[in-house]
Amino acid sequence: MDHSHNSVFMRILGNTGILIGSRVVNAVCSFVYVAWAAQTLGLQDFGVMLLVITFASMVCDITHLQSWQSLLHYGTSYFEQKQFDRFYDVLTFCIRADFISGLVGVLTGLGGVALLGGSFMGWSPQVQLDAALCMLTIFFMNTGWSTGMLRLCNRFKLVPVYEFLTTCVRTGGTGIGFMYHLGIGYFLLVWSLTQLTMFVSCSCAGIYLVKKQTGGFPSLSHIILGRSGITGIWPYTIKTSVNQVLESFFSQGATLLIGGRLGASEAAVYKVARQISNGLAKPAQLMIPTLYPEFIRLRDAQDWQGIRTVIFKIFGLIIAFSALSLVLTATVGNRLFSYMLHDVWPGQQTILLLLVGGSLLDICLIPLEPFLVMIDKVSILLRWRIIVMCLYFPLLFVFMEFGGIKGASLETLLASLMMFVACALPVLRQLNHKVAQPRPTGQTTPG
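Now for a quick tour of the structure. Bear in mind the structure is a predicted one, so any value in this text is a computation, not a measurement.

1. Brief notes about the overall build of the protein chain
Piece 1. When its secondary structure is counted, the protein chain shows 15 helices and zero strands.
Piece 2. Each of the 447 residues in the protein chain was classed as buried or not, and the buried ones make up 56%.
Piece 3. Of the contacts formed within the protein chain by residues at least 6 apart in sequence, a portion of 84% connects residues at least 24 apart.
Piece 4. Per element, the accessible surface of the protein chain, about 18,300 Å² overall, is 67% carbon and sulfur.

Here is the structure:
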């Protein structure tokens, strides 16, 4: 595989283009099924449904281990050197981590519904039952090891296949609910079936790639009882996972707090506005999965100058993309917002612009976060995410008190700005230090 700077950058763009193409149909359909669900349930019940889904997604994020990063970090050198026995040790660790964290997620979700569903969120007994059943889906929501295989093998062309399958399930199921005016329980069932479809299709793709590339697959006893024997894999996995836990709290927690403080309708408005802003930012965010494997390969080759070149080129694209996103938000965002909610909300244009600004600042983290994770400086991310969260959530109540959803949106923008500045400075410092070091003639292997 060619590791020159231009070829790496073009490969990143090519793989990102594949992912964007796979999401085009999904993005279009998402606007359709959100609108169908909102019109069928009404803004209040639609908000309740979104709160249940947001809660399940947050529980999934805070309990699931990021095994795909461990697979790339520790398995890339073994895979490329065809040391498949050692690679199987890493792979089985990742598979086992996915299922253990899935089980923990189910138990956490059920406990959360029992403790918070009625008292804090104000859900009816029927909604609490539907939410509890929805929590069982968390067991199948982590596709870490199989996603890692797709990225390790550079087989991003398989992503559109299972993306299309899940889109068909979600859009078709929502369309049936729209036609027959079905309730919250049915729409939550459609969401659960969508997650199950994603899990099955992605797992099949992962098994196919392992067998094709290595000529076999670890036995069930190896998966259940095998020991990884890889020094440092548990601490690395936990640190990268904690970083994702904090990020999930930051992105999902606001919706739940708005729902508990202001009401389900306000939560629906905020959630849909976040979905539109994230939808505009999604093409750039899809660059993250393509960066990790390329950064790992450049790191193993000790090509820090190449990494710096790629990062600066990506920032150039981000600046151009941000300008386009702001133009789209100002021109069509307001109408899209009204279509999806089937309603007009006071100040929705301001809410959208603030949240899009926050999403664009989050995009600026795209080349920074993978770099810090790759050089095992996750502690920097953890430290600043904790600081930002400690400021964000107490101030969120203050901003909501004086500005409602607009205030919450403004604080989201400020928190994103703080996180970007906090990560950009150490990345520049680390990059300059790495580039200044003499490059060894040999290659190193991770962990």
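2. Points about the pattern of salt bridges
Piece 1. By the definition in use, this model includes two salt bridges.
Piece 2. Among the ionic pairs, arginine 86 bridges to aspartate 89, the shortest N-O distance being 3.4 Å. Placement of both arginine 86 and aspartate 89 in helix H3 (residues 84–116) is noted, with a separation of three residues, approximately one turn of the helix.
Piece 3. Assessed through its relative accessible area of 30%, arginine 86 is described here as partly exposed.
Piece 4. Measuring nitrogen to oxygen at the nearest pair gives 3.0 Å for the salt bridge that ties arginine 385 to glutamate 369. Highlighted residues: arginine 385 in helix H15 (residues 378–436) and glutamate 369 in helix H14 (residues 368–374), separated in sequence by 16 residues.
Piece 5. Classification of glutamate 369 by relative accessible area gives buried; the value is 10%.

3. Focus: helix H5 (residues 144–152)
Piece 1. Of all nine residues in H5, nine are buried, a share of seventy percent or more.
Piece 2. Just downstream of H5, asparagine 154 is the residue with a positive phi angle, here 55°.

4. Describing the environment of aspartate 89
Piece 1. Assessed through its relative accessible area of 14%, aspartate 89 is described here as buried.
Piece 2. For the pair aspartate 89 and tyrosine 74, spaced 15 residues apart in sequence, the C-alpha separation works out to 10.0 Å.

5. Topic: the packing of aromatic side chains
Piece 1. Counted according to the given criterion, the structure contains 14 aromatic pairs.
Piece 2. Aromatic pair phenylalanine 99 and phenylalanine 199: ring centres 6.2 Å apart, planes at 85°, arrangement edge-to-face. Taken together, the residues span a long stretch of sequence, with phenylalanine 99 in helix H3 and phenylalanine 199 in helix H7 (residues 184–214) at a distance of 100 residues.
Piece 3. A relative accessible area of 35% means that phenylalanine 99 is categorised as partly exposed.
Piece 4. Among the residues examined, phenylalanine 199 registers a relative accessible area of 14% and is labelled buried.
Piece 5. Here a set of aromatic residues connected by ring pairs shows up, and it is made of Phe99, Phe139, Phe140 and Phe199.
Piece 6. Over the ring of tryptophan 68 we find arginine 151, and its NZ or CZ is 4.2 Å from the ring centre.
Piece 7. Above the face of the tryptophan 304 ring, lysine 434 is positioned so that its terminal group lies 4.9 Å from the ring centre.

6. Re the packing of helix H6 (residues 159–180) against H7
Piece 1. Two elements in contact, H6 and H7, have axes whose closest approach is 9 Å; the angle formed by their N-to-C orientations is 165°. Relative to H7, H6 is oriented roughly antiparallel. Helix-helix and strand crossings are classified by hand; for H6 and H7 the assignment is right-handed. Contacts from Tyr162, Leu165, Thr166, Val169, Arg170, Gly173, Thr174, Ile176, Gly177 and Phe178 in H6 reach Tyr186, Phe187, Val190, Trp191, Leu193, Thr194, Gln195, Thr197, Met198, Ser201 and Cys202 in H7.
Piece 2. Class assignment for the residues of the contact of H6 with H7 results in twelve nonpolar, eight polar and one charged.

7. Brief notes about the side chain of serine 416
Piece 1. Within the element layout of this structure, serine 416 appears in helix H15.
Piece 2. Apart from residues lying up to four places away in sequence, serine 416 is in contact with Phe250, Gly358, Leu361 and Asp362.

8. Notes on the packing of helix H2 (residues 67–80) against H5
Piece 1. At a minimum axis separation of 9 Å, H2 and H5 run at an interaxial angle of 45°. Judged on the interaxial angle alone, H5 and H2 are oblique. Crossing handedness for the pair H2 and H5: right-handed. Along the contact surface, H2 presents Ser67, Trp68, Leu71, Leu72, Thr76 and Phe79, while H5 presents Gly144, Trp145, Gly148, Met149, Arg151 and Leu152.
Piece 2. Residue classes in the contact of H2 with H5 are distributed as seven nonpolar, four polar and one charged.

9. Section: the side chain of threonine 54
Piece 1. As for its position among the elements, threonine 54 is in helix H1 (residues 5–63).
Piece 2. Residue class for threonine 54 comes out buried when judged on its relative accessible area of 1%.
Piece 3. At 2.7 Å, the side chain of threonine 54 forms a polar contact with the backbone oxygen of leucine 50.
Piece 4. Leaving out residues up to four positions away in the same chain, threonine 54 has contacts with Gln252, Thr255, Leu256 and Lys271.

10. As for the environment of serine 359
Piece 1. Considering the arrangement of structural elements, one finds serine 359 in helix H13 (residues 348–363).
Piece 2. Sequence separation between serine 359 and serine 416 is 57 residues, and the spatial gap between their C-alpha atoms is 7.7 Å.

11. Here we look at the layout of surface pockets
Piece 1. In this structure, the second largest pocket spans a volume of roughly 200 Å³.
Piece 2. Lining the second largest pocket are 14 residues, with Met58, Leu116, Phe120, Leu256 and Leu257 positioned closest to its centre.
Piece 3. If you list the elements that add at least two residues to the lining of the second largest pocket, you get H1, H3 and helix H9 (233–261).
Piece 4. Per element, the largest residue contribution to the lining of the second largest pocket is four residues, and it comes from H9.
Piece 5. Across the lining of the second largest pocket, the residue classes break down as eleven nonpolar, three polar and no charged.

Rules and cut-offs
Residues numbered from 1 in each chain as written. Predicted model: local features only at pLDDT ≥ 70, side-chain atom pairs only at ≥ 80, totals over all residues. Heavy atoms only, no water. Helix = DSSP H or I, 4+ residues; strand = E, 2+ residues; numbered from the N terminus. Buried < 20%, exposed > 50% of the residue type's maximum accessible area, 1.4 Å probe, protein only. Contact = heavy atoms within 4.5 Å. Areas by Shrake-Rupley, 256 points an atom, 1.4 Å probe, with all protein chains shown as cover. Salt bridge = Lys/Arg side-chain N within 4 Å of Asp/Glu carboxyl O. Phe/Tyr/Trp six-rings, centres within 6.5 Å; stacked < 30°, edge-to-face > 60°. Lys NZ or Arg CZ within 6 Å of the ring centre and 35° of its normal. Axes fitted to C-alpha atoms, helices over the stretch in contact; angles between N-to-C directions. Parallel < 35°, antiparallel > 145°, perpendicular 65-115°, else oblique. Left-handed = near helix turned anticlockwise from the far one by under 90°. Nonpolar A, V, L, I, M, F, W, Y, C, P; charged D, E, K, R; others polar. Polar contact = N/O pair within 3.5 Å; in protein donor to acceptor, adjacent residues only side chain to side chain. 1 Å grid on protein atoms, 1.4 Å probe; cavity = no way out; pocket = protein on both sides within 12 Å on 5 of 7 lines; lining within 4 Å. Points joined across faces, edges and corners; volume = space filled by probe spheres on them.

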